[in-house]
Amino acid sequence: MTDGARFGARRTARPDVVIVGAGIVGAACALALAREQLDVQIVDASFAGSGSTAAAMGHLVVMDDTPAQLALTSFSRGLWDRMADELPAGCEYEMRGTVWVAGNDEEMEAARAKQAVYAAHGVASSLVDAAELARMEPALRPGLAGALSVPGDGVLYPPNAARWCIERAVALGAVVRERCEAVALSRGAVRVRAAGGVEESISAGAIVIAAGIDAPRLVPELPIVPRKGHLVITDRYPGLCHAQLVELGYLRSAHGLSGESVAFNVQPRATGQLLIGSSRQLAGRDGAIDDVVLGAMVRRATSFLPALARCDVVRVWTGFRPATPDGLPLIGRWHAEPGVWIAAGHEGLGITTAPGTAALIAADLVGRAPPIDPAPYDPGRPMRPASDATPEEHACRAT
């Protein structure tokens, strides 16, 4: 047990841990801490699996923008893989793999570099030439240079995965309070407002802020900004593509944290539907569909996968990724407020990295050695404000 948390008996009026936010990150933290036999309460202004989790694509992917990102995504994907047999059918977990599509020889060079990084870190992947890519994914347009295939990546349905984590945590004794908004922190307590407007303070040994884009409302110093994205889902077209298809040249289509970007990113769902992304833009909290950005995103997708133009669209929606200036999440204790831990700012990788985040938080709370080096994710690390980030510093990630 660390000096930041003083845990008492289970299911008392003063829980060991209060988790603010029941999205996938908060839900994973709840399950990890309940498994540590801690008395856990989860509060959420809406309901479990809502917010950014409900709007997410659900791509479980190893990314290598930085060594720290590679460490967390690789570790976390391994945890999802270990949980695969436990996940109910409703989570729609499938090890689809990712095919990073190269449009030309330059991008094939990038694929080779990416493959070398993965190989050095034990992530299985293989280069695919143009003929093999056409055999693997015949619906892609002709003339592509090849691809990098990462067979261990997966997909799942994020809202149900979050609810499964919460249900497992509750089965272990955790308490979840939905439609209960956290409105303030104060000296080891979180003040909450229930749906009826009644407020109360919950004192706890530790408070974990896993509130995504709303985390700065409780800790204003956190450099998290909402980054809007669009997603499109089609009717059922089973077999049109087989793996998650992502363009390798996404860096050229990115416009940095301060601009707009789109990238080809198509995910086949267990239902036979196709989930089409991705876009990124800073639009505050305006969740309205932006026809210009949506049109650019769909045109980019159909330029790689022409058959999409004949698919019927069922629904279009937007969501917000909690972005940080350096592209890494904020995980660990918040030293400015004793007893407070942060698990937020995961941008487009919250679904992938939720279990790894939970493992880091749990290890710190119970005083165990961390499973990976937590230093790069320290919430208090120096960062320029998000508004100062430049395109060169923060490229679009197609997840």
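These lines cover the structure that appears in this document, whether it is placed above or below. Just so you know, these numbers come straight off a predicted model, no measurement behind them.

## Here we look at the pairing of strand 18 (residues 330–333)
Relative to strand 19 (residues 340–344), strand 18 is paired through four bridges, and the arrangement is antiparallel. Residue Ile 331 lies in a different strand from strand 19, and its bridge partner there is Ala 343. What sits between strand 18 and strand 19 in their antiparallel hairpin is a turn of six residues, with Gly 339 showing a positive phi close to 90°.

## So, the state of the cysteines
Under the defined criterion, the tally for this structure stands at zero disulfides. Distance from the sulfur of Cys 91, which forms no disulfide, to the nearest cysteine sulfur (Cys 165) is 7.7 Å. According to the relative accessible area criterion, Cys 91 is buried, its value standing at 1%. Left without a disulfide partner, Cys 241 is nearest to the cysteine sulfur of Cys 311, which lies 9.2 Å away.

## Quick notes on the sheet that holds strand 5 (residues 126–129)
Read from one edge of the open sheet, eight strands run 5-6-4-14-15-16-13-17, paired in mixed fashion. Sheet topology places strand 5 and strand 17 (313–323) at the edges, where each strand pairs with a single neighbour. Taken over all neighbouring pairs, the strand axes of this sheet differ in orientation by 25° on average, direction set aside. Relative to the sheet, helix 9 (residues 291–304) contacts strand 4 (98–102), strand 13 (225–236), strand 14 (244–247), strand 15 (261–268), strand 16 (273–280) and strand 17, its axis offset from that of strand 15 by approximately 55°.

## So, the sheet that holds strand 9 (residues 180–185)
The strand order across the open sheet built from three strands is 9-10-11, with neighbouring strands paired in antiparallel fashion. Both outer strands of the open sheet, strand 9 and strand 11 (199–203), are each paired with one neighbouring strand and no more. Direction aside, neighbouring strands of the sheet carry axes that sit 35° apart on average. Pairing of strand 10 (residues 189–194) with strand 11, which is carried by five bridges, proceeds in the antiparallel orientation. By the bridge assignment, Arg 191 is partnered in strand 11 with Ser 201.

## As for helix 3 (residues 67–83)
Compared with an ideal rise of 1.5 Å per residue, which puts 17 residues at 24 Å, helix 3 spans 24 Å between its outermost C-alpha atoms and is within 8% of the ideal. Residues of helix 3 that are buried include every one of Ala 68, Gln 69, Leu 70, Leu 72, Thr 73, Phe 75, Ser 76, Arg 77, Leu 79, Trp 80 and Met 83, and no others.

## What to know about helix 10 (residues 350–366)
End to end, helix 10 covers 23 Å across 17 residues, agreeing with the expected 24 Å (1.5 Å per residue, within 8%). Along its length, helix 10 reaches its greatest deviation from straightness, about 30°, at Gly 356. Summarising burial for helix 10: 15 of the 17 residues are buried, a large majority.

## Topic: the packing of aromatic side chains
A full pass over the atoms with the stated rule returns one aromatic pair. Ring centres 4.6 Å apart and planes at 0° place the aromatic pair Phe 264 and Phe 304 in the stacked group. With Phe 264 in strand 15 and Phe 304 in helix 9, the pair connects residues that are 40 residues apart, well separated along the chain. Given the relative accessible area of 0%, Phe 264 is considered buried. Geometry around Trp 100 places Lys 114 over its ring, the cationic atom sitting 4.5 Å from the centre. Above the ring of Phe 304, the side-chain terminus of Arg 141 is found at 4.7 Å from the ring centroid.

About the criteria used
Residues numbered from 1 in each chain as written. Predicted model: local features only at pLDDT ≥ 70, side-chain atom pairs only at ≥ 80, totals over all residues. Heavy atoms only, no water. Pairing = 2+ DSSP bridges. Helix = DSSP H or I, 4+ residues; strand = E, 2+ residues; numbered from the N terminus. Disulfide = S-S within 2.5 Å. Buried < 20%, exposed > 50% of the residue type's maximum accessible area, 1.4 Å probe, protein only. Axes fitted to C-alpha atoms, helices over the stretch in contact; angles between N-to-C directions. Contact = heavy atoms within 4.5 Å. Expected span 1.5 Å × (residues − 1). Bend = angle between axes of the 7 residues up to and from the residue. Phe/Tyr/Trp six-rings, centres within 6.5 Å; stacked < 30°, edge-to-face > 60°. Lys NZ or Arg CZ within 6 Å of the ring centre and 35° of its normal.

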